[in-house]
Amino acid sequence: LGTTYVTCVASDEAGNDSEACSFEVVVTDDEPPTETCPTNMSETTATGSSASDDTTFAVTTSDNVDVTDVTCTLSGATTVSVTMTESPEDVWSSSLVNFNLGTTYVTCVASDEAGNDSEACSFEVVVTDDEPPTETCPTDMSKTTASGSSASEDTTFAVTTSDNVDVTEVTC
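Here we look at the sheet that holds strand 7 (residues 84–86)
Alright, step 1. The strand order 3-5-8-7 describes an open sheet built from 4 strands, whose pairing is antiparallel. What marks the edges here is a single partner per strand, and that holds for strand 3 (34–36) and strand 7. Within the sheet, the average angular offset between the axes of one strand and its neighbour, ignoring direction, is 30°.
Alright, step 2. Strand direction decides the pairing type here: strand 7 and strand 8 (residues 91–94), joined by 3 bridges, are antiparallel.

Re a negative patch on the surface
Alright, step 1. On the surface, a cluster of negative charge is contributed by Asp-66, Glu-86, Glu-89 and Glu-113.
Alright, step 2. Looking at where Glu-89 falls in the secondary structure, it is placed in the loop between strand 7 and strand 8.
Alright, step 3. The class of Glu-89 is exposed, set by a relative accessible area of 63%.

Thoughts on the nonpolar core
Note that soluble globular proteins tend to have their nonpolar side chains buried in a common cluster.
Alright, step 1. Formed by 20 residues in total, the largest nonpolar core has its most connected members in Phe-57, Val-70, Val-106 and Cys-108.
Alright, step 2. Where this core is concerned, the elements lending two or more residues are strand 6 (67–76), strand 9 (102–112) and strand 10 (121–128).
Alright, step 3. Not counting residues within four places of it along the chain, the set of residues in contact with Phe-57 comprises Pro-38, Met-41, Cys-72, Val-82, Met-84, Trp-92, Ser-93, Ser-94, Phe-99, Val-106, Cys-108 and Phe-123.

Quick word on the packing of aromatic side chains
Remark: the centre distance and the inter-plane angle together describe each pair of aromatic rings, the angle taken between the planes.
Alright, step 1. Going through the model one piece at a time under the given rule, you end up with 1 aromatic pair.
Alright, step 2. Seen in terms of ring centroids, Phe-57 and Phe-123 are 5.2 Å apart; in terms of plane orientation they differ by 65°. Their pairing is edge-to-face. One end of the pair, Phe-57, is in the loop between strand 4 (41–44) and strand 5 (58–62); the other, Phe-123, is in strand 10, with 66 residues separating them in the sequence. This pair shows no difference in class: Phe-57 is buried, exactly as Phe-123 is.

Re the environment of Asp-30
Alright, step 1. The topology assignment puts Asp-30 in the loop between strand 2 (21–27) and strand 3.
Alright, step 2. Put simply, Asp-30 and Ala-114 are 84 residues apart on the chain and 7.6 Å apart in space, counted from C-alpha to C-alpha.

As for the side chain of Thr-104
Alright, step 1. You can see Thr-104 is positioned in strand 9.
Alright, step 2. For Thr-104, a relative accessible area of 0% translates into the label buried.
Alright, step 3. Separated by 3.0 Å, the side chains of Thr-104 and Thr-78 make a polar contact.
Alright, step 4. For Thr-104, the contacting residues outside a window of four places in its chain are Leu-74, Ser-75, Ala-77, Thr-78, Phe-99, Phe-123, Glu-124 and Val-125.

Some points on the side chain of Ser-118
Alright, step 1. Inspection of the secondary structure assignment puts Ser-118 in the loop between strand 9 and strand 10.
Alright, step 2. Side chain to side chain, Ser-118 and Glu-35 meet in a polar contact 3.0 Å long.
Alright, step 3. Excluding residues that lie within four positions of it along the chain, Ser-118 makes contacts with Pro-32, Pro-33, Thr-34, Glu-35, Val-109 and Ala-110.

Quick notes on the rules
Residues numbered from 1 in each chain as written. Predicted model: local features only at pLDDT ≥ 70, side-chain atom pairs only at ≥ 80, totals over all residues. Heavy atoms only, no water. Pairing = 2+ DSSP bridges. Helix = DSSP H or I, 4+ residues; strand = E, 2+ residues; numbered from the N terminus. Axes fitted to C-alpha atoms, helices over the stretch in contact; angles between N-to-C directions. Patch = residues over 30% accessible without salt bridge, like charges linked within 9 Å, V, L, I, M, F, W, Y side chains within 5 Å. Areas by Shrake-Rupley, 256 points an atom, 1.4 Å probe, with all protein chains shown as cover. Salt bridge = Lys/Arg side-chain N within 4 Å of Asp/Glu carboxyl O. Lys, Arg positive; Asp, Glu negative; His and termini not counted. Charge placed at Lys NZ, Arg CZ, Asp CG, Glu CD. Buried < 20%, exposed > 50% of the residue type's maximum accessible area, 1.4 Å probe, protein only. Core = buried A, V, L, I, M, F, W, Y, C linked by side-chain atoms within 4.5 Å. Contact = heavy atoms within 4.5 Å. Phe/Tyr/Trp six-rings, centres within 6.5 Å; stacked < 30°, edge-to-face > 60°. Polar contact = N/O pair within 3.5 Å; in protein donor to acceptor, adjacent residues only side chain to side chain.

Pasting the structure below:
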């Protein structure tokens, strides 16, 4: 890879040398790297959070010259910036990511030192909420019947709820 300068001189049996001629041999790399993304991932929300615990992923690369960069773009539920670091050789690991509840689409591209880019590989990270909501009911109530009725007057009360994601319904 690069430029090699070649100089040639012809000699005959009498010891006579020709004028030197020279030329360059330029070797370029037009072979893009390849990469392998992980399979789709499933995570659950961290306790009390609507995102996963710190999560990492790795992309494996291969090329005839050194891969210099792997860039991963996140879209969907999570759209943070991810830093990829090579360690060990040809394995690029992500910085810590807290994936949001829902589906995040991850698309990665590797680049080599000659400026060639791989075809993109992609995978999904699906984060589900397995933490049930909590509720606090009001204290017991004593009501008397309404005049001339066997039922009490209309009674109102409030149930307090808490969850790592929005509570959508309380049924009593």
